[in-house]
Amino acid sequence: MIGRAEARVIAQLQRARDAGHCSIVYFKPHPNNQNPQVPRTFERIDSIDRLGSLPDPILLSLFSTTHVDPRFRGRKYLVRTEHIRPEIAFDEFDRIVDVDRLVDLLSMEREE
């Protein structure tokens, strides 16, 4: 279930990148992931400090405390899929985006 959701997010991010809505897409694997596979065209980041050094990142996660962890700075969004519903645990509804709307979100965020 999580693998399918991640694949959908990756596909949407690749579409957004190909459309010019984001110049670089970074991938920070979860620390518990023993063998993370960095998606094609993504750049891997391993530390929160490196992530924090980016000028104004847009952070996307499926269902993670990244959303509330103050060490992660930037515009934060939780991604909703068919089976992953972040609104069950998080009440910032304006920060929850459907996976099929990621390209639109990144297009709007880039314009701001």
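Please refer to the structure placed before this passage.
These notes cover the structure that comes with them. Being a predicted model, the structure only gives us computed values, none of them experimental.

Some words on the pattern of salt bridges
Line of reasoning, step 1. Considering all chains together, one arrives at six salt bridges under this definition.
Line of reasoning, step 2. For R80, the salt bridge identified is with E87, shortest N-O distance 3.3 Å.
Line of reasoning, step 3. Using a relative accessible area of 26% as the deciding quantity, one classes E87 as partly exposed.
Line of reasoning, step 4. Here the residues in one salt-bridge network are D56, R75 and E109, joined through shared partners.

Things to note about the side chain of T81
Line of reasoning, step 1. Residue position: T81 is located in the loop between β4 (75-80) and β5 (96-98).
Line of reasoning, step 2. Apart from residues lying up to four places away in sequence, T81 is in contact with A5, R8, L62 and V99.

Side note on unusual backbone geometry
Keep in mind that most residues, glycine aside, have a negative phi and that most peptide bonds are trans.
Line of reasoning, step 1. The phi torsion at T41 lies on the positive side, around 75°, for a residue other than glycine.
Line of reasoning, step 2. Its place among the elements puts T41 in the loop between β1 (25-27) and β2 (42-44).
Line of reasoning, step 3. Exposure remark for T41: the relative accessible area of 32% places this residue in the partly exposed category.

Rules of the game
Along each chain, residue indices are assigned from 1 in the same order as the chain's sequence is written. Thresholds applied to this predicted model are a pLDDT of at least 70 for local features of residues and 80 or more for the giving and counting of side-chain atom pairs; totals over whole chains, interfaces and linings are not thresholded and use all residues. The side-chain numbers reported here are obtained from all heavy atoms of the structure, hydrogens and water having been left aside. Here, a salt bridge means any side-chain nitrogen of Lys or Arg that lies within 4 Å of a carboxyl oxygen of Asp or Glu. Each residue's exposure class comes from its accessible area (1.4 Å probe, protein chains only) as a fraction of the maximum for that residue type: buried when under 20%, exposed when over 50%, partly exposed otherwise. Strands here mean DSSP runs of E at least two residues long; helices mean DSSP runs of H or I at least four residues long; both are numbered from the N terminus. Residue contacts are defined here by distance: any two heavy atoms, one from each residue, within 4.5 Å place the two residues in contact.

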